[in-house]
Amino acid sequence: MIDDIRETKECQLKDPMDLFHSGQVVKICAPMVRYSKLAFRTLVRKYSCDLCYTPMIVAADFVRSAKARDSEFTTNKGDHPLIVQFAAKEAQVLCDAARIICPFADGIDLNCGCPQRWAMSEGYGACLINKPELVKDMVRHVRRQINNPKFSVSIKIRIHEDLKRTVDLCQKAEAAGVSWITVHGRSIEERHQPVHYDAIKIIKQSMSIPIVANGDIKSLKDAENVHHLTEADGIMVARGLLANPAMFAGYEETPFQCIQDWVDIALEHGTPFTCFHHHLMYMMERITSKQEKKVFNVLSSTSAVLDYLNDHYGL
């Protein structure tokens, strides 16, 4: 994978920080397990998404195994600017992963926000918000070992019940040279509770680096409201983009052209059927009836899906 794209990639790399200096709110596709892969990133970039993340990759596996690198990371020359998100708990392992990825991506992000039990038990994800010195050490090591000054090093966090601890974590990361921080405005224990946008605003006012707001943003209007509430420099969206990949372009629901674009891109990239189908199920959630969903959601082959889209929507 990596050798195949080396020549086409290195001349394409961009400085993600240029986006934050543009004066516009940066529109970002979140790291999503199984979903924010190359084909979907290609789609959302067509609809005004400025910056895309890969799904979270376990750095130790990525460093150790060529098979893991091939299965976890694919890209192409149009896939920029691109941030690769890693789960890591050791500074040198994160540095080794960053060094491998550096020629092909525009930055890395350290996951300090995943609340899943497996990640926490392994020492990854959201448990790192309780280890500010370790986070600081990991950021500093990558900064020292990656020679490219345009290569960004960011972190994505959740908040503490005591917000002073979150501000302290962010300030330590800033001192270590972090490029920006994405804040999901919930604590580790919170799942569907309201997002604490007021907390994101306090963090933003405490920092001099860009802050990205994340959590429950489902439309461009939501994004504008959250920017107004938090003063954040960027807005990161996950499920809102799954439901409507054209969201950042101002569409209230997924336009048929976007569905057509997804079919074309997915087929071109050889997207596995389950992923291809699941994306369509998300995109069509708001525009299909319950009866249509019952039929569409149990289709079991690409040809059956294509026939359905052709018969019902002329796609």
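Just so we're clear, the structure is a prediction, and the values are computed from it rather than from any experiment.

Caption draft 1: Spatial organisation of the overall build of the chain. Of regular secondary structure, the chain possesses 16 helices and nine strands. Relative to the compact-globule value of 20 Å for 315 residues, the chain shows a C-alpha radius of gyration of 19 Å, a close match. Considering only C-alpha atoms, the chain reaches an extent of 60 × 45 × 40 Å along its principal axes. Expressed as a percentage of its 315 residues, the buried residues of the chain come to 54%. Put simply, of all contacts in the chain between residues at least 6 apart along the chain, 69% involve residues at least 24 apart. Counting only carbon and sulfur atoms, one obtains 49% of the accessible surface of the chain, whose full area is about 14100 Å². Across the chain, the 38 positively charged side chains and the 39 negatively charged ones have centroids separated by 4 Å.

Caption draft 2: The arrangement of unusual backbone geometry in detail. In the segment running from His80 into Pro81, the intervening peptide bond is cis, with an omega of -10 degrees. Positionally, Pro81 belongs in the loop between helix 5 (66-72) and strand 4 (82-87). One non-glycine residue with positive phi stands out, namely Arg34, at about 75 degrees. Residue position: Arg34 is located in the loop between strand 1 (26-29) and helix 3 (38-46). The backbone of Asp216 shows a phi angle near 60 degrees, a positive value even though the residue is not glycine. For Asp216, the location among the structural elements is in the loop between strand 8 (211-214) and helix 11 (220-230).

Caption draft 3: The domain arrangement of the chain, seen in detail. With domains assigned, the chain is organised as domain 1 (16-249) and domain 2 (256-313). Using C-alpha coordinates to define each centre, domain 1 is positioned 29 Å away from domain 2. On the side of domain 2, 13 residues touch domain 1, which itself brings 16 residues to the contact. The contact between domain 1 and domain 2 buries some 1300 Å² in all, and 67% of this surface belongs to carbon and sulfur atoms. Here domain 1 is connected to domain 2 by zero salt bridges. When contributions to the side of domain 1 that touches domain 2 are tallied by element, the ones reaching two or more residues are helix 3 and helix 12 (239-243). Ranked by residues supplied to the side of domain 1 that touches domain 2, first place goes to helix 3 with six residues. When the residues that make up the side of domain 1 that touches domain 2 are grouped by side-chain class, the tally is 10 nonpolar, three polar and three charged.

Caption draft 4: A look at the nonpolar core. Residues Phe86, Ile155 and Ile181 are the most contacted members of the largest nonpolar core, which totals 89 residues. There are two domains that each give this core at least three residues, and those are domain 1 (16-249) and domain 2 (256-313). What Ile181 contacts, discounting residues up to four positions off in sequence, is Ile155, Ile157, Cys170, Ala173, Met207, Ile209, Pro210, Ile211 and Val212. Ranked by size, the runner-up nonpolar core spans 12 residues in total, among them Ile28, Leu51, Trp180 and Met236.

Caption draft 5: Molecular detail of the packing of aromatic side chains. In this structure the tally under the stated criterion is seven aromatic pairs. On the numbers, 5.5 Å between centres and 85 degrees between planes, the contact of Tyr35 with Tyr282 is edge-to-face. Placement of Tyr35 in the loop between strand 1 and helix 3 and of Tyr282 in helix 14 (residues 273-283) is noted, with a sequence separation of 247 residues between them. On the basis of relative accessible area, Tyr35 is assigned to the buried category, the value being 10%. Overall, the relative accessible area of 35% leaves Tyr282 in the partly exposed class. Considering the side-chain rings of Phe40 and Trp262, the 6.4 Å spacing of their centres and the 75 degrees angle between planes classify their relative orientation as edge-to-face. Here Trp262 lies in helix 13 (residues 256-269) and Phe40 lies in helix 3, a separation of 222 residues in the sequence.

The rules behind these values
- Residues numbered from 1 in each chain as written.
- Predicted model: local features only at pLDDT ≥ 70, side-chain atom pairs only at ≥ 80, totals over all residues.
- Heavy atoms only, no water.
- Helix = DSSP H or I, 4+ residues; strand = E, 2+ residues; numbered from the N terminus.
- Rg over C-alpha atoms; globule rule 2.2 N^0.38 Å.
- Buried < 20%, exposed > 50% of the residue type's maximum accessible area, 1.4 Å probe, protein only.
- Contact = heavy atoms within 4.5 Å.
- Areas by Shrake-Rupley, 256 points an atom, 1.4 Å probe, with all protein chains shown as cover.
- Lys, Arg positive; Asp, Glu negative; His and termini not counted.
- Charge placed at Lys NZ, Arg CZ, Asp CG, Glu CD.
- Domains from an automatic or database assignment.
- Buried area = accessible area lost by both parts, 1.4 Å probe.
- Salt bridge = Lys/Arg side-chain N within 4 Å of Asp/Glu carboxyl O.
- Nonpolar A, V, L, I, M, F, W, Y, C, P; charged D, E, K, R; others polar.
- Core = buried A, V, L, I, M, F, W, Y, C linked by side-chain atoms within 4.5 Å.
- Phe/Tyr/Trp six-rings, centres within 6.5 Å; stacked < 30°, edge-to-face > 60°.

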